[in-house]
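Listed below are the residues making up each chain.
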Amino acid sequence: MPLTGFLGAIGSYAQLGVKMAAEEINASGGILGKPIDLMSEDSVNPATASTKAQRMIEQDGAVLLFGEISSASSLTIMQVAERNKKVFFSTGARSDALRGKDCNRYSFHCDIPNTVMVNAVGTALKQKGMVKGKKFVTLTADYIFGHDLLKAAKAFFSANDATLIGDELIATDVTDFSPYLLKVRQAKPDVVCCNLAGNQVTNLVKQYAEFGFPYPLVGFNLNTGDAWAMGEGNLSGTWPTVWYHTLDNPASKTFVETFTKKYGKPPENHAWIEYITLKMIAQAINETKSTESDALIAYFEKQTQFDIMKSRKAYFRSWDHQLVQEAYPFTVKPKGEMKDKWDMLVLGEAVPGAGAELESIYPTKTQNPCNMKA
Amino acid sequence: MQFGFLLEQVVNGLVLGGYYLLIALGLSLIFSVGGIVNLAHGAFYALGAYISVEITRYLGFGSAVVLSPVAVALLGILFERFILRRFYDADPILSLLVTFGLAMVTEQAIRIIWGAPPISAAIPQEFRGSVFLGDFLFSRYRLLILAVVAAVLIGVWLLLHKTSFGRVVRAGIQRPDMVAALGIRLQPHMTAIVMLGVGMAALGGAFFAPITIVHPAMGAEIITVAFVVVVIGGLGSFWGVVIAALLVGVVRGITIHFAPAAGEASIYVLMFLVLMVRPRGLLGERIEKFE
């Protein structure tokens, strides 16, 4: 889990979620009668992430791995998992490539992939008439995740008669966006689209509000932890999310209540995803009575349904190990209507809509082919 | 048209340079007078940002940008009196270690007090948006920063060049032994220089909190650029640091305009080129005690 760097802030939420899940599981008798022994490390960068993952398996005897937010680090951990034949649940990485050309039999993907985020926001934008015939400029994170997201965005633009008139690749250590914002304004787009990640989204949104451009800013990636850090009146536009603490269903409400009581703040989407992932793993081990990789993979590949605190149940798709679930576009709550500083977002209708198959917003086999070696 | 866009980037670069200057000038002064490379300088910048966000909640933005640097400058007294003072004559590696350690301690302390997730801050309503001069566009808030930097700069220049305090400090940079021989103690001056230096860093933090992310590691992010500015400008030179800071801001802006991918690397290339031609930095003076 990244605990430092541009993804560190949301990584710290993830840690709280997994800790709470482990404590709850242990309090109710553990897994197969044994308590969970949770090891956690700062993954830092792709090279360190893989070294630490290897050490956890080799020296510390880890039975399985899970975590990570960075797509670049997740990719190296996936390779460690395959080499050691241990299961890895990649909880926060969103790059399509991890589910496609880089996929492997030992790796499972819990967060929604880039294509789904583009579809979630894209659907909402289309309803507002902000796509057809419009000119877009994108600002994209210059690493595997951003490249991948830009690709999904380009596919969406060309399928919906929008033109991309400018795209800027931005290194992950940039904190001042003013020169890029001047270029955006020179391009005079209809809509500006943010394909950044982590606290860079926070920075961009703050500085975008500073310049006060007339072009709406939307984005294909945002984590609520980064939204909370933006400050009053800075965020606007339409964005995607995988889960939010105001979702209205009993399981979600109980989780939010317990978490808030324990930590004094509501769970961010990474706290949620780590929590449900460990719960799914515990369920799998208890039902298969095994920690063997083959048994666990078979259990998840049966497309077992899990309650993940959403109105529809979720399952790992057998051919690419993607957790198929609902996603949500959101807009920003007007200042006067916020109950507290975390109550920032107005969730749109879940996508796909109630009538459609859950898989309809996910990439198909032909769009993102995955060949797992047996 | 193209020229207008470039001009926007240049002016924007100057503002960014001004902000780097707030951090780098203190770093340079503390090194020039005390011979200490203050790796904890970024920590004071971060503290300045956090304290100002905290004060803004109760007293508003105006009070915050005044009180936060003052509070940090007072912390600077403790820093100088109880830590730096022991290392003026010691092996430089020791002061590097102790200030590096302090930077880490401060970062963790911020994590404990305010938490690891970034805290939110926003620009006051009246400074939002851009100013147009014909087709020329500028962020209103950055204009405010530019004015503040200019005022601070004039203040520091007057302090160093037009007061007896400044004369002692400048003499202390070149010949501390002569200053001592004249019966003047440099230590109280050093306390004041450290207060001034960390106070300016905190001022930078306070003004940048609303437009950048306020998180525990923000100090570590700014310190690298500040060092680059000090190295390019050269030690002991007030104008060297000023020119270097503005140059770094402008070079970054122009590079991003033409070759965005090279934007972050451009300032290091600039440093490399300057050091090739002038190893002592643009306007660096020969300082005997460091030779």
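Residues numbered from 1 in each chain as written. Chains lettered and ligands numbered in written order. Predicted model: local features only at pLDDT ≥ 70, side-chain atom pairs only at ≥ 80, totals over all residues.

Student: Mind showing me how you'd approach unusual backbone geometry here?
Tutor: Excluding glycine, a negative phi dihedral is what most residues carry, and trans is how most peptide bonds are arranged. Residue and element names in this part refer to chain A. Look at the link from Val 351 to Pro 352: it is a cis peptide, with omega at -5 degrees. Looking at the element boundaries, Pro 352 is found in the segment after strand E12 (345-347). Even without glycine at this site, Met 309 takes up a positive phi of about 70 degrees. Mapped onto the fold, Met 309 is located in the loop between helix H12 (293-301) and strand E9 (315-316). Residue class for Met 309 comes out buried when judged on the 21 C-beta atoms lying within 10 Å of it. (Helix = DSSP H or I, 4+ residues; strand = E, 2+ residues; numbered from the N terminus. Buried ≥ 20, exposed ≤ 12 C-beta atoms within 10 Å, placed from the backbone.)

Student: What is the right way to read the sheet that holds strand E11 (residues 328-332) of chain A from this model?
Tutor: Paired through their backbone hydrogen bonds, the strands of a sheet run either parallel or antiparallel. Residues and elements named next belong to chain A. Reading across from one edge, E8-E11-E12 is the order of the 3 strands in this open sheet, with antiparallel pairing throughout. Each edge of the open sheet is held by one strand with a lone partner, namely strand E8 (239-241) and E12. Across this sheet, the average inter-strand angle for adjacent strands is 45 degrees, counted without regard to direction. Packing of helix H5 (residues 114-127) onto the sheet brings it into contact with E8 and E11, and relative to E11 it is tilted by some 55 degrees. (Pairing = 2+ DSSP bridges. Axes fitted to C-alpha atoms, helices over the stretch in contact; angles between N-to-C directions. Contact = placed C-beta atoms within 7 Å.)

Student: It is not clear to me how the interface of chain B and chain A should be interpreted in this structure. Could you clarify?
Tutor: Many analyses report the size of an interface as the accessible area lost when the parts associate. Listed as interface residues are 33 residues of chain B and, on the opposing side, 36 residues of chain A. Counting only elements with at least two residues in the side of chain B that touches chain A, the list comes to helix H1 (2-34), strand E2 (136-139) and helix H10 (238-258) of chain B. Of the residues forming the side of chain B that touches chain A, the biggest block, 5 residues, is contributed by H1(B). Taken together, the residues of the side of chain B that touches chain A break down into 18 nonpolar, 10 polar and 5 charged. (Nonpolar A, V, L, I, M, F, W, Y, C, P; charged D, E, K, R; others polar.)

Student: When you look at helix H3 (residues 71-84) of chain A in this model, what are you seeing that I'm missing?
Tutor: Residues that lie three or four places apart on an α-helix share one face, since the helix turns once every 3.6 residues. Residue and element names in this part refer to chain A. If you check H3, its first and last C-alpha atoms are 20 Å apart, about what 14 residues at 1.5 Å a residue would give, namely 20 Å. When H3 is considered as a whole, its buried residues turn out to be Ser 71, Ser 73, Ser 74, Leu 75, Thr 76, Ile 77, Met 78, Val 80 and Ala 81. Those residues of H3 that are buried are in contact with helix H2 (46-58), strand E1 (65-67), strand E2 (88-90), helix H4 (96-99), strand E3 (107-109) and helix H6 (144-159). Positive backbone phi, approximately 55 degrees, marks Lys 85, located one or two places after H3. (Expected span 1.5 Å × (residues − 1).)

Student: Just checking my understanding: could you explain the UniProt feature "transmembrane region" (unreviewed entry) in chain B for this structure?
Tutor: Residue and element names in this part refer to chain B. As recorded in UniProt, the sites labelled "transmembrane region" (unreviewed entry) are residues 20-46, 58-79, 141-160, 192-213, 225-251 and 258-277. Secondary structure content for residues 192-213 is 77% helix and 0% strand, while the C-alpha to C-alpha distance between its ends is 30 Å. The span residues 225-251 is 85% helical and 0% strand by assignment, and the distance between its end C-alpha atoms comes to 13 Å. (UniProt positions renumbered as here; feature names shortened; annotations may be inferred.)

Student: Would you take a moment to explain the sheet that holds strand E5 (residues 163-170) of chain A for this structure?
Tutor: Residue and element names in this part refer to chain A. Across the sheet, which stays open at both edges, the 4 strands sit in the order E5-E4-E6-E7 with parallel pairing between neighbours. Only two strands of the sheet have a single neighbouring strand rather than two, namely E5 and strand E7 (217-219). Recorded for the sheet is a direction-independent mean angle of 25 degrees between the axes of neighbouring strands.

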